[in-house]
Amino acid sequence: MEQQQDSRTAAATISTEAVQLLHEYTGRGPTKAKTTIGDNLVTVLLADSLTKGERKLVDAGRGERVLQLRHDFQTVMRSEFVGIIERNLDRKVSAFMSQNHIDPDYAIEVFVLDGQPAPAD
């Protein structure tokens with residue numbers, strides 16, 4: 001039961017830090033975030049993250065440009081995103097993948113963890 005509580009606490013912290021990181025880079029963080037932690041996989045689902053300017057570009061038919069811009073942000077933020085996971089779970093990340101969707105407004109950050117999870121105490 002304690003391991004489940006630790007996992008929920010880590011998931012909440014990761015969600016909060018991911019929102020803060022996006023806010024730092026884009027000037028606005030997502031309004032919703034949910035982190036799920038599995039044995040070797042962490043997913044962070046973010047909702048409602050587009051800025052007002054990005055929404056205007058989408059409305060003007062420039063959605064592909066917005067997706068490219070988001071990809072560029074995620075490339076630059078990569079080490080900081082990985083750092084959030086490694087710091088909170090005390091595990092190395094072996095792979096990081098990221099994808100955005102415009103309508104509905106979702107982003108997903110996926111982290112594959114290296115090795116096996118620590119045994120429960």
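Above this text you will find the structure in question.
In this report, the structure presented in the accompanying data block is examined.

The rules we used
- Residues numbered from 1 in each chain as written.
- Predicted model: local features only at pLDDT ≥ 70, side-chain atom pairs only at ≥ 80, totals over all residues.
- Heavy atoms only, no water.
- Helix = DSSP H or I, 4+ residues; strand = E, 2+ residues; numbered from the N terminus.
- Patch = residues over 30% accessible without salt bridge, like charges linked within 9 Å, V, L, I, M, F, W, Y side chains within 5 Å.
- Areas by Shrake-Rupley, 256 points an atom, 1.4 Å probe, with all protein chains shown as cover.
- Salt bridge = Lys/Arg side-chain N within 4 Å of Asp/Glu carboxyl O.
- Axes fitted to C-alpha atoms, helices over the stretch in contact; angles between N-to-C directions.
- Contact = heavy atoms within 4.5 Å.
- Nonpolar A, V, L, I, M, F, W, Y, C, P; charged D, E, K, R; others polar.
- Core = buried A, V, L, I, M, F, W, Y, C linked by side-chain atoms within 4.5 Å.
- Buried < 20%, exposed > 50% of the residue type's maximum accessible area, 1.4 Å probe, protein only.
- Pairing = 2+ DSSP bridges.
- Bend = angle between axes of the 7 residues up to and from the residue.

### Looking at the environment of Leu69
- Topologically, Leu69 is positioned in helix α3 (residues 63-89).
- In the structure, Leu69 is positioned 15 residues away from Glu54 in sequence and 9.2 Å away in space, judged by C-alpha atoms.

### Thoughts on a nonpolar patch on the surface
- A cluster of nonpolar residues, Leu45, Tyr106 and Ile108, forms a patch on the protein surface that exposes about 240 Å² of accessible area.
- Relative to the helices and strands, Ile108 resides in strand β4 (residues 106-113).

### With respect to the packing of helix α2 (residues 52-59) against α3
- It is the contact of α2 with α3, at a shortest axis distance of 7 Å, that shows an interaxial angle of 145°. Residues Glu54, Leu57 and Val58 of α2 form the contact with α3, whose own contacting residues are Gly63, Val66, Leu69 and Arg70.
- Partitioned by chemical class, the residues of the contact of α2 with α3 number four nonpolar, one polar and two charged.

### Observations regarding the nonpolar core
- Counting 17 residues, the largest nonpolar core has Val42, Val44, Phe81, Ile85, Val93 and Phe111 as the members making the most contacts within it.
- Where this core is concerned, the elements lending two or more residues are α1 (2-26), β2 (41-47), α3, β3 (93-101) and β4.
- Here this core gets five residues from one element, more than from any other, and that element is α3.
- Setting aside anything within four residues of it in sequence, one finds Phe111 in contact with Asn40, Leu41, Val42, Val44, Phe81, Val82, Ile85, Val93, Ala95 and Phe96.

### Looking at the sheet that holds β4
- Reading across from one edge, β1-β2-β4-β3 is the order of the four strands in this open sheet, with antiparallel pairing throughout. Two strands close off the open sheet at either side, each with one partner strand: β1 (32-37) and β3. Adjacent strand axes in the sheet meet at a mean angle of 10°, parallel and antiparallel pairs treated alike.
- In this structure, β2 lies alongside β4, joined through seven bridges in antiparallel fashion. Residue pairing in the sheet places Ala47 in a bridge with Tyr106 of β4.
- Against the sheet, α3 touches β1, β2, β3 and β4, its axis set at about 140° to β3.

### Describing the environment of Gly63
- Residue placement: Gly63 occurs in helix α3.
- Separated by 17 residues in sequence, Gly63 and Leu46 place their C-alpha atoms 18 Å apart.
- Beyond its immediate chain neighbours, meaning those up to four positions away, Gly63 contacts Leu57, Val58 and Ile102.

### Some thoughts on α3
- The sharpest bend along α3 measures roughly 60° and falls at Met77.
- Within the span of α3, buried status applies to Gly63, Val66, Arg70, Gln74, Met77, Phe81, Val82, Ile84 and Ile85.
- Once α3 ends, the next one or two residues include Asp90, with phi positive near 55°.

### Some words on the pairing of β4
- Direction of pairing for β3 relative to β4: antiparallel, over a ladder of eight bridges. Bridging from a neighbouring strand, Ser98 pairs with Glu109 of β4.
- From the end of β3 to the start of β4, which pair antiparallel, there are four residues.

Shape descriptors only; they carry no functional weight alone.
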